[in-house]
Amino acid sequence: MRILVLGASGYVGSRLVPALLDAGHDVVAASSSTPDPDRFSWGAQVDWVRCDVTDRAAVDAAVADVDAVCYLVHSLSVRGFSERDRIGAENVRAAVDAADVRRLVYLSGLVPDVPRDRLSAHIASRLEVEEELLRADTSTVALRAGVVIGAGSTSYEVIRQLATLLLIQPVPLWLARTRVQPIAVTDAVRALVEAFDDGTTLEGAVDIGGPDVLRYPALLGAYDRAARMLRVRIPVLVAPEPIVALATAGLVQAPFHTVAALVASLRDDMVCRPDATWVPADGEPLLGVREAMLRALDPWGTDLERPLPSDPAWTRTYAPLAEALRAPRTVRAGVSLTRHRVRSLLRMA
């Protein structure tokens, strides 16, 4: 099958493309910026196109000669992401129908069991995109994932940077109550690859999550144990969501709009629906949180789980002098954060 991957240079896309190649598919890698095949170990094995999904003509050209489309585009790091993502979904759905594409797969987000007007802007946008794509005439599946555990993943990196920097970790009481069902990046990619198998039963909105359901403080603790760090978490009775978002954004290197959107999504349980949860067709068990964390921390792990040179610079701790002096990890994290903030200020000057 010839598959167009929209968002191939992103975190999930850069790990999905080689998995699709290993499964015997031909891949067309699409990026909104000028393609740079040398950034990726698999860059020479695919065809590249430049495609901004908000440009209908570019989308039409990209889908003209493919059998299937994988939609991985999210604009979470920019202001006004909801409008941009809605336009992108409309363009892709219309182009897929016009080109008679056989299969459309979207990586969506878990949707809490709450009234629609209570959804965060981030989750509401994911759901809006999902519903638009599911209107396509072709066979379509939206795989809904929550926290993806793997080095380079936005959710994982926010957890890693907070846990490393803070010896004492304040946890708002409202956050301590909510539950999450993470999935290892290897399993998320496995679900996406399965969605393109001939004869797959995946259709409509399907939740994907690992075997563990835990509360957010326990998720922080799971990272601490995997990284062999001693950290203390303390409850905070009064911590309004905007303050938590602002504080979190100030303590990690991720883009502010991304962090703010993610924090707003933490107020409700992010768990799979029992009657609509993916069961791997190959019968292989899903990774638990502990094993997923250990793999993400393994510098000699697979390209799926370890950091890649193509990952955004903010996902890396860069403090060469502190590392040379063997400074504690908290110091290295602080130096890296300070360096990141100074560079950002200089770019704005």
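Report on the accompanying structure.

Parameters and conventions
Residues numbered from 1 in each chain as written. Predicted model: local features only at pLDDT ≥ 70, side-chain atom pairs only at ≥ 80, totals over all residues. Heavy atoms only, no water. 1 Å grid on protein atoms, 1.4 Å probe; cavity = no way out; pocket = protein on both sides within 12 Å on 5 of 7 lines; lining within 4 Å. Points joined across faces, edges and corners; volume = space filled by probe spheres on them. Helix = DSSP H or I, 4+ residues; strand = E, 2+ residues; numbered from the N terminus. Nonpolar A, V, L, I, M, F, W, Y, C, P; charged D, E, K, R; others polar. Phe/Tyr/Trp six-rings, centres within 6.5 Å; stacked < 30°, edge-to-face > 60°. Expected span 1.5 Å × (residues − 1). Buried < 20%, exposed > 50% of the residue type's maximum accessible area, 1.4 Å probe, protein only. Axes fitted to C-alpha atoms, helices over the stretch in contact; angles between N-to-C directions. Parallel < 35°, antiparallel > 145°, perpendicular 65-115°, else oblique. Contact = heavy atoms within 4.5 Å. Salt bridge = Lys/Arg side-chain N within 4 Å of Asp/Glu carboxyl O. Pairing = 2+ DSSP bridges.

### Details of empty space enclosed by the protein
Next up, step 1: Scanning all chains against the criterion turns up 4 cavities of 30 Å³ or more.
Next up, step 2: Taken as a whole, the largest cavity spans an internal volume of roughly 80 Å³.
Next up, step 3: If you go around the largest cavity, the residues you meet are Arg160, Gln161, Thr164, Leu165, Leu251, Val252, Gln253, Trp314, Arg316, Thr317, Ala333 and Leu337.
Next up, step 4: Taken together, the elements giving at least two residues each to the lining of the largest cavity come down to helix 5 (154–165) and helix 13 (329–348).
Next up, step 5: For the lining of the largest cavity, the element with the highest residue contribution is helix 5, accounting for 4 residues.
Next up, step 6: Broken down by class, the residue content of the lining of the largest cavity amounts to 6 nonpolar, 4 polar and 2 charged.

### A short note on the packing of aromatic side chains
Next up, step 1: Under the counting rule described, the total for this entry stands at 5 aromatic pairs.
Next up, step 2: One aromatic cluster is present, built from ring pairs that chain together Phe40, Trp42 and Trp48.

### Notes on helix 5
At 3.6 residues per turn, the α-helix brings residues three or four places apart onto the same side.
Next up, step 1: With 12 residues, helix 5 should reach 16 Å at 1.5 Å per residue; the first-to-last C-alpha distance of 16 Å fits that figure.
Next up, step 2: Across the 12 residues that make up helix 5, a large majority, 11, are buried.
Next up, step 3: Here helix 5 has its buried residues at Ser155, Tyr156, Glu157, Val158, Ile159, Arg160, Gln161, Leu162, Ala163, Thr164 and Leu165.

### What to know about the packing of helix 5 against helix 8 (residues 216–226)
Next up, step 1: Interaxial distance between helix 5 and helix 8 falls to 10 Å at its minimum, and their mutual angle equals 70°. The pairing of helix 5 with helix 8 is recorded here as roughly perpendicular in orientation. Listed contacts from helix 8 to Tyr156, Ile159, Arg160, Ala163 and Thr164 of helix 5 are Leu219, Leu220, Tyr223 and Asp224.
Next up, step 2: Considered class by class, the residues forming the contact of helix 5 with helix 8 number 6 nonpolar, 1 polar and 2 charged.

### Points about the pattern of salt bridges
Next up, step 1: Enumeration according to the criterion identifies 24 salt bridges in this entry.
Next up, step 2: Arg116 is paired through a salt bridge with Glu131; the nearest N and O atoms lie 2.8 Å apart. Remark: Glu131 occurs in helix 4 (residues 121–133) and Arg116 occurs in the loop between strand 5 (103–109) and helix 4; sequence separation between them is 15 residues.
Next up, step 3: Put simply, Glu291 and Arg295 hold a salt bridge, and the shortest N to O gap is 3.0 Å. Of this pair, Glu291 and Arg295 are both found in helix 11 (residues 289–297), 4 residues apart, which corresponds to roughly one turn of the helix.

### Focus on the sheet that holds strand 5
Next up, step 1: Taken in spatial order, the 7 strands of this open sheet run 3-2-1-4-5-6-11, and their pairing is parallel. Across the chains shown, the open sheet's two edge strands, defined by having one partner strand only, are strand 3 (47–50) and strand 11 (204–208). Here the strands of the sheet are splayed against their neighbours by 20° on average, with no regard to which way each runs.
Next up, step 2: Pairing of strand 2 (residues 26–31) with strand 3 involves 4 bridges; the strand directions are parallel. Counted as the bridge partner of Val28 is Asp47 from strand 3.

### Some remarks on unusual backbone geometry
Next up, step 1: Non-glycine residue Asp100 carries a positive phi angle of around 60°.
Next up, step 2: Mapped onto the secondary structure, Asp100 falls in the loop between helix 3 (81–99) and strand 5.
Next up, step 3: Relative accessible area serves as the criterion here: at 65%, Asp100 is assigned to the exposed category.
Next up, step 4: Non-glycine residue Arg326 carries a positive phi angle of around 55°.
Next up, step 5: Counting through the fold element by element, Arg326 comes out in the loop between helix 12 (320–324) and helix 13.

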